[in-house]
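Observations on chain architecture
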Amino acid sequence: MMKLFLICSLLVLAIASNGQSRDENQAEVYRATSPRINDLVHTKLDVKFDYNKSYLYGKAWITLKPHFYATDSLMLDAKGMDINKIALVKGTALAPLKYKYDGMVLTIKLDKEYAANTAYTVYIDYTSKPNEIKVKGSDAIKNAKGLYFINPKGEDKDKPTQIWTQGETEANSVWFPTIDKPNQRCTDEIYMTVPEKYVTLSNGLLTSQKKNADGTRTDYWKMDLPHAPYLFFMGVGDYAIIKDAYKGKEVSYYVEKPYAAVARKIFGLTPEMIAFYVKITGVEYPWAKYSQITGRDYVSGAMENTTATLHTDALQQDARELVDGNKFEEYVAHELFHQWFGDLVTTESWSNLTVNESFANYSEVLWSQYKYGKDAGDDKNFEDMQGYLGSHSESKDLVRFHYADKEDMFDAVSYNKGGRILHMLRTYLGDSAFFKGLNLYLITNKFKTGEAHQLRLAFEEVSGLDLNWFFNQWYFGSGNPKVEISYAYDDAAGKASVFVKQTQEGDQVFRLPVAIDVYNGKEKVRQQVWIEHKTDTFSFSYKKRPDLINVDAEKVILWEKKDDKTLENFTHQYTYAANYLDRKEAIDFCAKNQEDPKALSLLKTAMKDHYYALRSYTIGEMDIKKAGVKNEIEPLLADIAKNDAKPTVRAAALGLLGQYAKPEYKPLYVKAIQDSSYSVSGEALGALAQLDGEAALADAKAFAKQPLKGKLGGVVSQILIEAGGGEEDFDVIAGNFGKLPVSDAKFEALQPFADYLGTLTNTEKVKKGIDMIVDLRDAVPVQYKSQLTPFINNMILRSIANKKKTGAQSSPDLQEQIKYINSKIEEKKGF
Ligand SMILES: [Zn+2]
């Protein structure tokens, strides 16, 4: 499963988590790999959907065989079903079997004892009721339903009717009986009967379609290579299907019809990605086809169902959003790499989840680096490193046999930290050994399970090096180094010393292979050293004092560091040490010292950095409250706002230039408002608003007649709100908010929207707006509920109610609004 949203994780950081105590309570539970008594061999399903009741009527033929020991019984996961019949298939006859069912697990008594490797087939007639499933006597669950009916009766005019499934971790057993564990795998075939107007998607190939007399159609999907039950998928809906190909295999994109024209802009790099992944793994794309589909109200970011990836509908960006680039390309890259790491070789247990997720996570770096250059790859690597460091997960091992809930494994350790560990391993072994190691792991374990030890053995086999120390430290250990780096120069003796002190708590000492570059002008000499004590000292002799000593010259180590460099060192680093992070560290140092002319001079250079994201980053760091800075960068800023090739950089420059509030730039803003990029247009409109409120309001009103997203949507709403709380603009403002799928953009828009509702007086409109926020609260993916529900209740909803308290005593309307808000908070107070 793909990680969720950036803003979500930022919010989560800001809010004290109460999830930790749960971990501690169950820390003693050892999470063993599930025993294999019977093995799945094949699953055949025949399913029909009841859109009125949100039921699935299913028939299943499940073929199994005992794994090693003979057995006369079979346990199947079957969550919340009605079981109508269970029988043994004997040729064309069915012999009823005795069974017990507790609502979660079926215990079936077979007709006799079966020896190892003797196949038998069980037939089950069942009804799946995903909306009624209860877990251990608690309320009906919203998450882990496995099978989701979206707007099944078509009552919501703004939402398509869809069906999609989400198996990981163990939820597919809500819609078919199976052994719902990652260490099982089988081939499958599914007959899906659906209303004729819809298309379907499942694993493998669509082999035949048959029209029925009652206005339905039966699609027959066949998957003839084995995969784990959690990777089974069904999707049904009114989609456009856009088809590409890779080496004659279908590569297709299922999008809601209004997005058919932009589908290739969103997914169109997929064939090139497949070719790239085939090249680096040395393993051909294993499956018969590759499709990607979007799902409304999806409960996660994306899911790598074999040959049929499901994505959040937030992927469906419009043409203007895509001018700034496809924000979800990393999702496409991530889920695709899972087709090898996860689907072809599958984690043996959730404890070992990182053998799926670290690779999918790291594939985002590999793809960025290949497609957009080393800076882009390093940028992604650093961003994910910060994601891990900010998650405060020092106590968690990468491979974790103790956890409270298997869903807890889907965290910044399994994903982000795992990915950074692979990056260090790649640097240590070298590209050739690293990628040969991946190849050996894949071909040795294909169509089987993998765990961290198999990974180690593959890398050891290829490289000839012992890697126990590395795996013990990073895979079976926790935390990360924290270091302080300082320098001393003895010109008389011609000796430079570097001191590295590990400052993490306790007596844990990390062993780190590190490159140190010593610079004289642009010439550098590299030393390869081991950091392996609480304090290490490395000395180098010199004739002329070095301009820079650059520790971790490749910028790959996962650590938090304090590095005692001077402005001169950093200036040299920006100029001659070519990595993304070398330059970013210099920018960060100078940003803290921008009144220093030398620092400012470096920042001006960085505003023109050859990597666009460092240009916009630097602009974002400039502090124009400092008069010297303000005057010094103004011409450069105006030039970038006008001429930079990247819309996101122009937008950053326009945003900052707007704060100058200088009339001479008005023509620039007026022109940029017409830009096709939402970010450029939105920033320009915001800049115009600071110069000429009336003109900006007129533009905002004109824009408000069409659907708007991104920065422009936010700025238009903001201008309308500031122009007097505009009751008459409610439809536009609420519409802009409502149109955003659950995503970073929606969380960014949340506070301004709440401020607006705080100023509105019309009770009907206030209630409508509150409902939209409540919908967002209740649609937040399960992993974030325990943090985001209280955030939205206490920080957002309560703040609106508080604003309304002024004057409430004499206003029944305001009293009613406050009562309504409180009732909505009360609904979800349990979190
Ligand atoms: Zn994933």
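Per-chain numbering applies: the sequence of each chain, read as written, is numbered from 1 onward. Where totals are concerned, whole chains, interfaces and linings use all residues; where local detail is concerned, this predicted model gives features only for residues with pLDDT of at least 70, and gives and counts side-chain atom pairs only at 80 or more. Calculation of side-chain values draws on the structure's entire complement of heavy atoms; hydrogens and water are dropped beforehand.

**So, the overall build of the protein**
Secondary structure elements follow DSSP: runs of H or I of four or more residues count as helices, runs of E of two or more count as strands, with numbering from the N terminus. Summing up its helical and strand segments, the protein has 27 helices and 29 strands in all. The size measure is the radius of gyration over C-alpha atoms, and the globule rule it meets is 2.2 Å times the number of residues to the 0.38 power. Taken against the 2.2 N^0.38 rule, which gives 28 Å for 831 residues, the C-alpha radius of gyration of the protein at 29 Å falls within 12% of a compact globule. Here the C-alpha coordinates of the protein stretch approximately 90 × 75 × 55 Å along the principal axes. Residue burial in the protein is summarised as follows: out of 831 residues, 56% are buried. Contacts are assigned to residue pairs with any non-hydrogen atoms lying within 4.5 Å of each other. Within the protein, residue pairs in contact and separated by at least 24 positions form 68% of the contacts whose partners lie at least 6 positions apart. As displayed, the protein has an accessible area near 34,200 Å², and 52% of this comes from carbon and sulfur atoms. Seen as two clouds, the 105 positive and the 112 negative side-chain charges of the protein have centres 3 Å apart. Only protein chains enter the area calculation, which uses a 1.4 Å probe; residues under 20% of their type maximum are buried, those over 50% are exposed, and those in between are partly exposed. Methods summary: accessible areas were calculated by the Shrake-Rupley approach with a probe of 1.4 Å, and residue burial reflects only the protein chains presented. When charges are counted, Lys and Arg contribute as positive and Asp and Glu as negative, whereas His and the chain ends are disregarded. Every charge is mapped to an atom, namely NZ of Lys, CZ of Arg, CG of Asp or CD of Glu.

**A few points about the pattern of salt bridges**
Any Lys or Arg side-chain nitrogen found within 4 Å of a carboxyl oxygen on Asp or Glu counts as a salt bridge. Per the stated rule, a full pass over the model turns up 59 salt bridges. Linking K380 and E364 is a salt bridge whose minimum nitrogen-to-oxygen distance equals 3.4 Å. Taken together, the residues span a long stretch of sequence, with K380 in helix α8 (residues 374-389) and E364 in helix α7 (residues 354-372) at a distance of 16 residues. Each of the two residues, K380 as well as E364, counts as buried. We note a salt bridge from D491 to R545, for which the minimum N-O separation is 3.3 Å. Residue D491 is located in the loop between β23 (482-490) and β24 (495-502), and its partner R545 is located in the loop between β27 (535-541) and β28 (548-551); the two are separated by 54 residues in the primary sequence.

**What about the packing of aromatic side chains?**
Stacked, tilted and edge-to-face are the three classes assigned to paired rings of Phe, Tyr and Trp, where Trp is represented by its six-membered ring and a pair needs centres within 6.5 Å; plane angles under 30 degrees give stacked, over 60 edge-to-face, the rest tilted. All told, the structure shown has 49 aromatic pairs when counted by the stated rule. Aromatic side chains W175 and F176 sit 4.7 Å apart centroid to centroid with 70° between the ring planes, which places their arrangement in the edge-to-face category. In terms of burial, W175 and F176 fall into one category: buried. Between F359 and Y441, the ring centres sit 6.3 Å apart and the planes meet at 20°, which makes this aromatic pair stacked. Of this pair, F359 sits in helix α7 while Y441 sits in helix α10 (residues 431-445); the two residues are 82 residues apart in sequence, bridging distant segments of the chain. In this structure an aromatic cluster arises from ring pairing among F276, Y277, Y285, Y290, F337, W340, F341, F359, W367, Y370 and Y441. Above the face of the W469 ring, R511 is positioned so that its terminal group lies 4.9 Å from the ring centre. Both a distance and an angle decide whether a charge sits over a ring: NZ of Lys or CZ of Arg must be within 6 Å of the ring centre and within 35 degrees of the ring normal. When the ring centre of W530 is taken as origin, the NZ or CZ atom of R511, which lies over that ring, is 4.3 Å away.

**Brief notes about the environment of M273**
Within the secondary structure, M273 sits in helix α4 (residues 270-281). Spatially, the C-alpha atoms of M273 and Y370 are 9.7 Å apart, while their sequence positions differ by 97 residues. Residues in contact with M273, not counting those within four places in the same chain, are E329, V332, A333, L336 and W367.

**Re helix α25 (residues 763-779)**
Working rule for helices: expected span equals 1.5 Å times residues minus one. Taking 1.5 Å of rise per residue, the 17 residues of α25 would be expected to cover 24 Å, and the 24 Å separating its terminal C-alpha atoms lies within 8% of that figure. For α25, every residue scored as buried is listed here: T763, V766, G769, I770, I773, V774, L776 and R777. Along the long axis of α25, the arc covered by the buried residues comes to 155°, so they all point the same way. Residues E764 and D775 are exposed on α25 and point more than 90 degrees away from its buried face. What the arc measures is the spread of directions leading from the helix axis to the C-beta atoms.

**Points about the sheet that holds strand β9 (residues 147-150)**
Strand order in this open sheet of four strands is β9-β10-β15-β12, and the pairing throughout is antiparallel. Each edge of the sheet is formed by a strand with only one pairing partner; in this case those strands are β9 and β12 (199-202). Strand-to-strand, the axes of this sheet are offset by a mean angle of 15°, without reference to chain direction. A pair of strands is treated as paired once DSSP finds two or more bridges between them. Where β12 meets strand β15 (residues 234-237), four bridges bridge the pair, whose relative direction is antiparallel. Here an axis means a line fitted to C-alpha atoms, over the contact stretch when the element is a helix, while the angle between two N-to-C directions is reported on a 0 to 180 degree scale.

**Topic: the sheet that holds strand β8 (residues 120-128)**
Read across the open sheet, the eight strands follow the order β5-β4-β8-β2-β1-β11-β14-β13; overall the sheet is mixed. The outermost strands of the open sheet, each flanked by one partner alone, are β5 (93-96) and β13 (205-211). Each adjacent strand pair in this sheet contributes to an overall mean axis angle of 20°, direction not counted. Alignment of strand β4 (residues 81-90) against β8, held across seven bridges, turns out to be antiparallel. Residue K85 lies in a different strand from β8, and its bridge partner there is D125.

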